[in-house]
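Read off the chains here:
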Amino acid sequence: MRFFGEPIEFDKQAGIGSPVWRGRAQSSEAMQAFAVAVHRNHGRLAALWGEDRRGGGDGFRLHVAFGLDMGHAWLGLDLPAERPVYPDLAGIFSAANRMQRATRDLVGISNEGGDQRPWLRHGAWPADWFPLRHDAGEGGGFVNAPTDYDFVRVGGEGAHEIPVGPIHAGIIEPGHFRFSVIGERLLRLEQRLGYQHKGVEKLFIGRNLAEGARLAGRISGDSTCAYAWAYASAIEAACAVSPPPRALLLRALMLERERVANHLGDLGALGNDAALAFGFSQFMRLKEDWLRLNAQLFGHRFMMDRIVPGGVALDLEAPALASIVEQCDGVGRAVKELKKIYDEHAGLQDRFVTTGAIDAQLARDLSLSGMAARATGLILDARAHRTGYTPPPPWAMLGVRPVTDERGDVAARAALRFGEIFESLRLLREIAVGLPDSGLCAEVPPAAGGQGLGVVEGWRGEVLVGVQLDDAGRLARVHPHDPSWQAWPALEHAVMKDIVPDFPLINKSFNLSYSGADL
Amino acid sequence: MIPMLRRILRTGIVSEPPPAAGAEGEMARLGEDIRRILGRALAIREVDAGSCNGCELEIHALNNPYYNIEGYGIKFVASPRHADMLLVTGPVTKNMEHALKVAWDCTPAPKLVVAVGDCGCGCGEIGGTFGTSYASCGAVENVIPVDVRVPGCPPTPTALLAGILAAVRRQK
Ligand code: SF4
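Residues numbered from 1 in each chain as written. Chains lettered and ligands numbered in written order. Predicted model: local features only at pLDDT ≥ 70, side-chain atom pairs only at ≥ 80, totals over all residues. Heavy atoms only, no water.

> Could you clarify how one ought to interpret the sheet that holds strand E5 (residues 112-116) of chain B in this entry?
Residue and element names in this part refer to chain B. The parallel open sheet is built from 5 strands, whose spatial order is E2-E1-E3-E5-E7. On the outer flanks of this sheet lie strand E2 (74-76) and strand E7 (148-150), each paired with one strand and no other. In this sheet, neighbouring strand axes are inclined to one another by 25° on average, regardless of whether the strands run parallel or antiparallel. Where strand E1 (residues 42-48) lies against E2, 3 bridges are found, and the strand directions are parallel. Following the sheet pairing, Ile-44 is matched in E2 by Phe-76. (Pairing = 2+ DSSP bridges. Helix = DSSP H or I, 4+ residues; strand = E, 2+ residues; numbered from the N terminus. Axes fitted to C-alpha atoms, helices over the stretch in contact; angles between N-to-C directions.)

> When you look at the packing of aromatic side chains in this model, what are you seeing that I'm missing?
What characterises a pair of aromatic rings is the spacing of the ring centres plus the angle enclosed by the ring planes. Residues and elements named next belong to chain A. On inspection of all chains with the given rule, the structure shows 22 aromatic pairs over all chains. Ring geometry for Phe-34 and Phe-66: centres 5.4 Å apart, planes at 65°, overall edge-to-face. Placement of Phe-34 in helix H1 (residues 28-40) and of Phe-66 in strand E4 (residues 60-67) is noted, with a sequence separation of 32 residues between them. Seen from their ring centres, Tyr-149 and Phe-151 are 4.9 Å apart, and the 70° between their planes marks the pair as edge-to-face. Judged by its relative accessible area of 12%, Tyr-149 is buried. (Phe/Tyr/Trp six-rings, centres within 6.5 Å; stacked < 30°, edge-to-face > 60°. Buried < 20%, exposed > 50% of the residue type's maximum accessible area, 1.4 Å probe, protein only.)

> I tried to follow the site of the ligand on my own but got confused; where do I start?
Close contacts around the ligand come from 13 residues, with Cys52(B), Cys55(B), Asp118(B), Cys119(B) and Cys153(B) the closest. The local environment of the ligand is shared, drawing residues from chains A and B. A total of 3 residues in the shell around the ligand trace back to one element, the largest contributor, which is helix H5 (residues 117-121) of chain B. For the shell around the ligand, the residue count by class is 5 nonpolar, 6 polar and 2 charged. (Near = heavy atom within 4 Å. Nonpolar A, V, L, I, M, F, W, Y, C, P; charged D, E, K, R; others polar.)

> Got a minute to help me understand the sheet that holds strand E2 (residues 20-25) of chain A in this structure?
Where strands meet in a sheet, backbone hydrogen bonds hold them as pairs that are either parallel or antiparallel. Residue and element names in this part refer to chain A. In spatial order, the strands read E1-E2-E5-E4-E3; together these 5 strands make up an open sheet with mixed pairing. The open sheet has two edge strands with one neighbour each: strand E1 (10-12) and strand E3 (44-52). Adjacent strand axes in the sheet meet at a mean angle of 20°, parallel and antiparallel pairs treated alike. Both E2 and strand E5 (residues 72-79) contribute to a ladder of 6 bridges, which runs parallel. Counterpart to Arg-24 in the pairing with E5 is Gly-76.

Shown next as structure tokens:
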């Protein structure tokens, strides 16, 4: 199969996960031309990472996943061991910038030209040592010497800088924000992230499939189900295994419970940031009830380690399913009431409306996915049908109705969460009353040399996991990709017309993951 | 305003009896302990030094009406300079090692430190999920002195509360 008339052959990946086509570019020029064609056809840059394949006598491989209307095109480009460089893609997709820099820091393959500043490497290891190379060793004993970062300077009379972080003034992950302001007005925000970099990708190397699943579930704790599913789906594609129908629906049930839990928490926090303490306590109470039922039914408040390669690690009996339906009814009623209060609260709407706005054009330019993209009006949801795209099971039969809002501001991102809670509650009820009888977990015989890409619509956006197995069927390379990679730059744009005191609210309305993108 | 009041009335007061011992007066005793030892409320500075953010979800939960941590005289503060206790999640990344040390230096005595989560404690089946590596210092105690460890992945709000209580008691 070919896309956009470009001369690269793609084959559909095995299995019943999200539709993914795999292809190999024969040259840098071919890859670049393909990227241009994707961009011209309103596609997205979904993920970019590198792999050391020198062990098998090859060089390095650059992996680029593009989001197209019908699914994902996963393109590989082999690079010679002696000179692993490729053309800068950030001029075509600005989202490539940080991904390319991270790939250079970790694998030592680089974009030619463009931004050469380190991203994840803050000085804890030397510039000529690359943790994801197979001959890198463990890499202990380096002097941890934090380096200065070359922030872009904003000139002009009256402009000054406010540096914030890495430790923030709340219960929140670390990162550094550099604001340029005139008076209260924000001229520019530049982020420096990577503080959460704990070397996850290196830890995957050499592990077995089950150990990998546990690790995948800890890339970003708030999205543990999304990651565990994306990882499982990648493994299933690599090993040509299909999980049983009941397992797929139970996965969907867990994913939607994860979505509701996060949306409830965010709506509470958004109310709090806009001085509505009442909203905070109401939503946090609902969230706590929700997590307690998780603990009761799944044995874990966030359902960690319940989605495994091949299927799921637990079953729900009829009484458990009944308690889910009952809870959905109660939460639905309460959230409806709270929505009315939020909608009619003048002070709150005053803070939300037009604050932190981005539009659909920008969302496209940044390759944004998920909630933040849908809040600008884009219909982009891996669970839902759209022109040219049929979602994988179990979504196709559930008929997910994607929620969108055109305003692109804090109000839109709040409204979207309300809408998505109602839709998830509907899906949960539907799943709970219609679970087919089948096995829970298919056997997964590790396929030597297999590779796969898993894509899951997490509560924040598109979570991808790419895997490569070695000759013994163990993990040779795993790359997890968080939607926050693309959304962090959106936050930089969103704050530009606003004032400093609105930043916490705008930031919360995106609620991005640091750990997920710092790896 | 009216629907808001109606909702408040219907929800009532959901704070639960304290979890540490389950006994009725336990939480009141914690409040008393805190006031006696510190002469005021307990101020906690939370530092995420490299977690997967799962631990933060549960620390956040301490502020919900069920655990109502503020009602016990415990509050989260923005600066280590105003903190009696650092509540630290890990593993401590190399990229956060420096910032964590600075936060610890800035915290006035008694400088209680509670390490949170399997990662922060360096325990659990895989040595705390992330262990020590080129990018990770591992457990919090590898970087700053730790008074109390609260393992779990993530630890429940109940376990966190018990850990905070244990640290305050130890100080007595
Ligand atoms: S202990 Fe578990 S939840 Fe906490 S940071 Fe580590 S992996 Fe995440």
